[in-house]
Amino acid sequence: MRDAGALRSALPPETQAALTAHGSLRDYEARERPPQVRMPVLFTAGRHDEAVPSTVAEFQRLVAGSRPVVLENSAHMTPLDEPEAFTAAIRGFLCEVEAAR
C-alpha cells in the first residue's frame, strides 16, 4: 500500500479538493448518536486513510463495548487494500459476539 498522502499529492488540485469533506458532509455532526447504540460494533480504519484512526477511535470511545481495528497497510478502502486482514477482523469480531450470546 502506498502512502495515501503521497497518492493524494500526485492528484490535480481540483481532484484533491473533491476528496475533502464538503457539501452535505461538511457540517455533519453525529457525536450525540453513538452513545445510543446498544449492539456490538467494530470500527475499522486504514492507517493511511484521510479519516485517520484517531477519529475512528474517538467514535469507538462513544459506543459502549465497541472495538476498533486499524489495518496498517490500508487507506480508505480497507476491504480492497487488505482483504485477508479485513476479513479476519470481521470474522474474529463476529465469533466474539456469538460467543458472548
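So, how was this worked out
- Residues numbered from 1 in each chain as written.
- Predicted model: local features only at pLDDT ≥ 70, side-chain atom pairs only at ≥ 80, totals over all residues.
- Heavy atoms only, no water.
- Helix = DSSP H or I, 4+ residues; strand = E, 2+ residues; numbered from the N terminus.
- Buried < 20%, exposed > 50% of the residue type's maximum accessible area, 1.4 Å probe, protein only.
- Contact = heavy atoms within 4.5 Å.
- Areas by Shrake-Rupley, 256 points an atom, 1.4 Å probe, with all protein chains shown as cover.
- Polar contact = N/O pair within 3.5 Å; in protein donor to acceptor, adjacent residues only side chain to side chain.
- Salt bridge = Lys/Arg side-chain N within 4 Å of Asp/Glu carboxyl O.
- Pairing = 2+ DSSP bridges.
- Right-handed = clockwise from strand over helix to strand, strands pointing away.
- Core = buried A, V, L, I, M, F, W, Y, C linked by side-chain atoms within 4.5 Å.
- Expected span 1.5 Å × (residues − 1).
- Arc of directions from axis to C-beta.

Novice: Can you explain the overall build of the protein chain? Please cite residues and give values.
Specialist: When you go through the protein chain residue by residue, the secondary structure sums to 5 helices and 2 strands. Buried positions account for 24% of the 101 residues belonging to the protein chain. Considering only contacts within the protein chain whose residues lie at least 6 apart along the sequence, 61% involve residues at least 24 apart. Looking at the protein chain as shown, the accessible area adds up to about 7,200 Å², and 58% of this sits on carbon and sulfur atoms.

Novice: Break down the environment of Asp-49 for me, citing the residues and quoting the values.
Specialist: As for its position among the elements, Asp-49 is in the loop between β1 (42-46) and α3 (53-62). Considering only alpha carbons, one finds Asp-49 and Ser-74, 25 residues apart in sequence, at a separation of 7.1 Å. A polar side-chain atom of Asp-49 sits 3.0 Å from a polar atom in the side chain of His-76.

Novice: Any details on the pattern of salt bridges? Residues and values, ideally.
Specialist: According to the stated counting rule, one finds 3 salt bridges in the structure shown. Taking the shortest distance from any N to any O, the salt bridge between Glu-96 and Arg-67 comes out at 3.4 Å. Of the two residues, Glu-96 sits in helix α5 (residues 83-99) while Arg-67 sits in strand β2 (residues 67-71), which places them 29 residues apart along the sequence. Of the residues examined, Glu-96 reaches a relative accessible area of 45% and is grouped as partly exposed. Here Glu-98 ties to Arg-101 by a salt bridge, and the two come within 3.6 Å at their closest N and O atoms.

Novice: Explain the pairing of β2 to me, and be specific about the residues and the numbers.
Specialist: The sheet contact formed by β1 and β2 spans 5 bridges and is parallel. Each residue of the ladder has a partner; that of Gly-46, found in β2, is Leu-71. For the crossover that starts at β1, traverses α3 and ends in the parallel β2, the hand is right-handed.

Novice: Explain the nonpolar core to me, and be specific about the residues and the numbers.
Specialist: Counting 6 residues, the largest nonpolar core consists of Leu-42, Val-69, Leu-71, Phe-86, Ala-89 and Phe-93. Broken down by element, this core gets its largest block of residues, 3 residues, from α5. Beyond its immediate sequence surroundings of up to four residues, Phe-93 is in contact with Pro-40, Val-41, Leu-42 and Arg-67.

Novice: Report on the side chain of Ser-74, specifying residues and quantitative values.
Specialist: Tracing the backbone through its elements, the reader meets Ser-74 in the loop between β2 and α4 (78-81). Polar contacts involving the side chain of Ser-74 include one to the side chain of Glu-82, which spans 2.7 Å.

Novice: Give a detailed account of α5, specifying residues and quantitative values.
Specialist: The end-to-end C-alpha distance of α5 is 24 Å, a good match for the 24 Å that 17 residues give at a rise of 1.5 Å each. Phe-86, Ala-89 and Phe-93 are the residues of α5 that are buried. Across the axial projection of α5, the buried residues extend over an arc of 65°, all falling on one side. The outward face of α5, more than 90 degrees from its buried face, is lined by the exposed residues Glu-84, Arg-91, Cys-95 and Ala-99.

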